[in-house]
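Residue strings, one per chain:
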Amino acid sequence: MKAVVAFIEHEDGHVRRSGLELATKAADLGRELHVPASAVVLGTGAQDAAQALKTTPIDTIYTGADVPVEQHLGDPAVDALDVLLKQIGPAALLVPATNAGKDTGARVAVRLDAGVITEASDIVVKDGALIVQSPKFGGSVISTIGFKNSPYQVIVCRANSFAARTEPGKGDIVSLPAPPAKQYPARVEEKVVEEAGKISVEEAGIIVSGGRGLGGPEHFDIIEALADALGGAVGASRAAVDAGWIPHAHQVGQTGKTVTPQLYIACGISGAIQHKVGMRSAGIIVAINKDGNAPIFEFCDLGVVGDLFQIVPELTRLVKERKGAA
Amino acid sequence: MPDTSAEKALDPKTKRLNRSRIENVLNPFDEYAIEEALRLKESIGGDTTVTILTMAPQSGTDIVRKALGMGADNAAMLSDDAVGGTDAMGTAYLLALSLKHIGFDLVLSGTQSTDAINSVVPAAIAEHLGIPALTYAKKLSVQDGTVEIQRETESGYWRVASQLPALVSVTKGINEPRYPTLKGIMGAKKKEITMLTLAAIGADSSLIGDAGAKTQVDEFATVGARARGEVVTVSDPHEGAKKIMDFLIAKKLI
């Protein structure tokens, strides 16, 4: 293996913490394997994103500001990574476990004839090779997976799995040449923002989730207020999504997202197995429910049996008070 | 795929899911794809055909019949003992070859399977076929050889269009899948299921099965149940909120 490369997503130059985590992990693996570690940022704002990545121990940051990733649903990113990785030679490519990250990783893997390991919660070096830990079957089993017959290796990494470190490395910024003009069949016609400035549940460090116990869509505002106060994302159980109270993008569980935040606060969620498999890998689980027999109380770290309509706003007030004082 | 609500057991020798004790079910995500295909056929009309494609052991035939009972026209099934042990990327390769063999204008799939969360498969299939992958669609329409979707994002959606042929993976919210009717189930028995073989689709046997897999499970460990923490019953909301606040501070989460 000649290099470890991290594909970093950004929004107009803003790199989320999950991107810094990925760059830090790539740098650590590079050091251990004695190969260079690099990050790749593409599209408008790539230069700003590169500056943000300079705070991490990464050696090289490839920027491709002219790669039209926003207009063509990731296809240009696949072309750019394909070209770059073939130049670099056999490498490990780390991609984030976001919708776009998974698509990009899968397509690049086909081009490079690489194996893919998904849902990585940790990556270690053993006998000079990368070994990946990946939870399966809703987190009830952790598999340890290696590559074979795969000079190029693609690893899809879960957010909140690695620590991001502020420890500037070499941080050389290398501009990629402008890609040749190409017609892509898929085009993004419009980006519709329904809820501005929200963090996705997959990447959030803190999630406040609401379920059937909320009783209606109008009560999600107390969940949102607490999430905002904590700097977290809003999640939901299947019951709340199926009732049409909140879009599916927020759903945590078997037919929604699998999440791994440091803190998960479940409000009015009973904790059925279909929900549990999506959030049981959270660092700390706090539950608020009026039903003391709810299954969620069997696997939470702190459970409060009481009226969420009063407790949640009060908790929001306490959080704001503390943050205001700090 | 295996029933998602069933107790899972991994075979300690092969490190694969022991399927012998678990009933097969239709992947819930695929039901949305089938429903969307049927709705497209109903809206477009003409000679539009909905074909179900699956890679499954022979025992998967009953699942295919269920899909046919929902209203699909016919099915193709890749069932070959040699595919055992094929990983996600090998699966994408085989499904892509199968699709080339049966022909298509539009491929619809679920975004993921609930058993292994291998949501890389749809994009990998598209790459093998050299067609765009319009993934995570929460709305879909086809007009004059162009497919348009609403791609789910965390803050809303993107409107994405592409000429056909293309692959679209659909999310859960896109529709409410129908149940097979009695008439549909009866009719499904007469519908054709084409059995595909590796030879028929021209698969390179060195790329599939355990030997062709590029990943290898070295070991697996069952994760212990989460310990039950402290549970308190409160009548005063401030007391409950304070309890949580103190806990978060103690855990350095705030």
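What counts and how
Residues numbered from 1 in each chain as written. Chains lettered and ligands numbered in written order. Predicted model: local features only at pLDDT ≥ 70, side-chain atom pairs only at ≥ 80, totals over all residues. Helix = DSSP H or I, 4+ residues; strand = E, 2+ residues; numbered from the N terminus. Rg over C-alpha atoms; globule rule 2.2 N^0.38 Å. Buried ≥ 20, exposed ≤ 12 C-beta atoms within 10 Å, placed from the backbone. Contact = placed C-beta atoms within 7 Å. Domains from an automatic or database assignment. Nonpolar A, V, L, I, M, F, W, Y, C, P; charged D, E, K, R; others polar. Pairing = 2+ DSSP bridges. Axes fitted to C-alpha atoms, helices over the stretch in contact; angles between N-to-C directions. pLDDT = per-residue confidence, 0-100. Expected span 1.5 Å × (residues − 1). Arc of directions from axis to C-beta. Parallel < 35°, antiparallel > 145°, perpendicular 65-115°, else oblique. Left-handed = near helix turned anticlockwise from the far one by under 90°. Core = buried A, V, L, I, M, F, W, Y, C linked by C-beta atoms within 7 Å.

(A) Focus on the overall build of chain A. A count of helical and extended segments in chain A gives eight helices and 16 strands. Over its C-alpha trace chain A gives a radius of gyration of 21 Å, about what one expects of a compact globule, namely 20 Å for 326 residues. In terms of overall dimensions, chain A has C-alpha extents of about 60 × 45 × 40 Å along its principal axes. Across the 326 residues that make up chain A, the buried fraction comes to 60%. In chain A, the proportion of contacts linking residues at least 24 apart, taken out of those at least 6 apart, comes to 65%.

(B) Spatial organisation of the overall build of chain B. Per the secondary structure count, chain B includes eight helices and ten strands. Split into buried and exposed, the 254 residues of chain B put 42% on the buried side. Pairs at least 24 apart in sequence give 65% of the contacts found in chain B among residues at least 6 apart.

(C) Layout of the domain arrangement of chain A. Domain annotation for chain A reports domain 1 (3–175) and domain 2 (206–325). For the side of domain 1 of chain A that touches domain 2 of chain A, the per-class residue count stands at two nonpolar, four polar and one charged.

(D) Examining the sheet that holds strand E8 (residues 193–196) of chain B more closely. Residue and element names in this part refer to chain B. In space, the three strands of this open sheet follow the order E1-E2-E8, with parallel pairing throughout. The open sheet has two edge strands, strand E1 (51–55) and E8, and neither has a second partner. In this sheet, adjacent strand axes meet at a mean angle of 15° when their direction is disregarded. With five bridges joining them, E1 and strand E2 (residues 74–78) adopt parallel strand pairing. For threonine 54, the partnering residue across the bridge sits in E2 and is methionine 77.

(E) Seen up close, the confidence of the model for chain B. All names here are of chain B. Per-residue confidence for chain B gives a mean pLDDT of 87, with 88% of residues at or over 70. Ignoring residues within four places in sequence, the model shows residues 1–10, a span with pLDDT below 50, making 31 contacts including any to other chains. Throughout residues 17–22 the model reports pLDDT below 50, and contacts reaching past four residues in sequence, or to other chains, amount to eleven contacts.

(F) Spatial organisation of helix H8 (residues 308–325) of chain A. All names here are of chain A. For H8, built from 18 residues, the straight-helix expectation of 26 Å at 1.5 Å per residue is met to within 8% by its first-to-last C-alpha distance of 25 Å. Restricting attention to buried positions, one finds in H8 the residues Leu308, Ile311, Val312, Leu315, Thr316, Leu318 and Val319. All buried residues of H8 lie within an arc of 165° about the axis, which places them on one face of the element. For H8, the exposed residues lying more than 90 degrees away from the buried face are Glu321, Gly324 and Ala325.

(G) Structural context of the environment of Gly89(A). With respect to the helices and strands, the residue Gly89(A) is situated in the loop between helix H3 (75–88) and strand E4 (91–96). It is 21 Å that separates the C-alpha atoms of Gly89(A) and Val132(A), two residues lying 43 residues apart in sequence.

(H) Looking closely at the packing of helix H5 (residues 220–230) of chain A against H8(A). All names here are of chain A. Look at H5 against H8: their axes get within 9 Å of each other, and the N-to-C directions meet at 20°. With respect to each other, H5 and H8 are oriented roughly parallel. You can see that H5 and H8 cross each other, and the crossing is left-handed. In this structure, H5 contributes Ile222, Ile223, Ala225, Leu226, Ala229 and Leu230 to the contact, and H8 contributes Val312, Pro313, Leu315, Thr316, Val319 and Lys320. Taken together, the residues of the contact of H5 with H8 sort by class into ten nonpolar, one polar and one charged.

(I) Main features of the interface of chain B and chain A. With 67 residues of chain B at the contact, the number on the chain A side is 75 residues. At the level of elements, helix H3 (88–102), helix H4 (121–129), strand E4 (133–143), strand E6 (156–163), strand E9 (215–222), strand E10 (230–233) and helix H8 (237–250) of chain B are the ones that each hand at least two residues to the side of chain B that touches chain A. Ranked by residue count, the leading element in the side of chain B that touches chain A is H8(B), at nine residues. By residue class, the composition of the side of chain B that touches chain A is 32 nonpolar, 19 polar and 16 charged. Looking at chain direction, strand E8 (residues 141–147) of chain A and E9(B) are connected through seven bridges and run antiparallel.

(J) Spotlight on the sheet that holds strand E5 (residues 146–152) of chain B. Read across the sheet, six strands follow the order E11(A)-E6(B)-E5(B)-E4(B)-E7(B)-E3(B) without closing on themselves; strand pairing throughout is mixed. Single-partner strands in this sheet number two, and they are strand E11 (187–193) of chain A together with strand E3 (106–110) of chain B. Averaged over all pairs of adjacent strands, the angle between strand axes in this sheet comes to 35°, irrespective of strand direction. Taken together, the three bridges between E4(B) and strand E7 (residues 166–170) of chain B define a ladder with parallel strand orientation.

(K) Seen up close, the environment of Gly19(A). Residue and element names in this part refer to chain A. Mapped onto the secondary structure, glycine 19 falls in helix H1 (residues 17–33). Each C-alpha atom of the pair glycine 19 and histidine 34 lies 22 Å from the other, and the pair is 15 residues apart in sequence. Excluding its chain neighbours within four sequence positions, the residues that come into contact with glycine 19 are Ile8, Glu9 and His10.

(L) Representation of unusual backbone geometry. Residue and element names in this part refer to chain B. Each neighbour pair has its own omega, and for leucine 164 with proline 165 the value is 0°, a cis peptide bond. Mapped onto the elements of the fold, proline 165 is located in the loop between E6 and E7. The backbone of lysine 252 shows a phi angle near 55°, a positive value even though the residue is not glycine. Relative to the helices and strands, lysine 252 resides in the segment after H8.

(M) Just the nonpolar core, in detail. Ranked by size, the top nonpolar core spans 120 residues in total, and within it Ile8(A), Ala26(A) and Leu53(A) carry the most contacts. What Ala26(A) contacts, discounting residues up to four positions off in sequence, is Val4(A), Val5(A), Ala6(A), Ala37(A), Ala39(A), Ile58(A) and Leu94(A).

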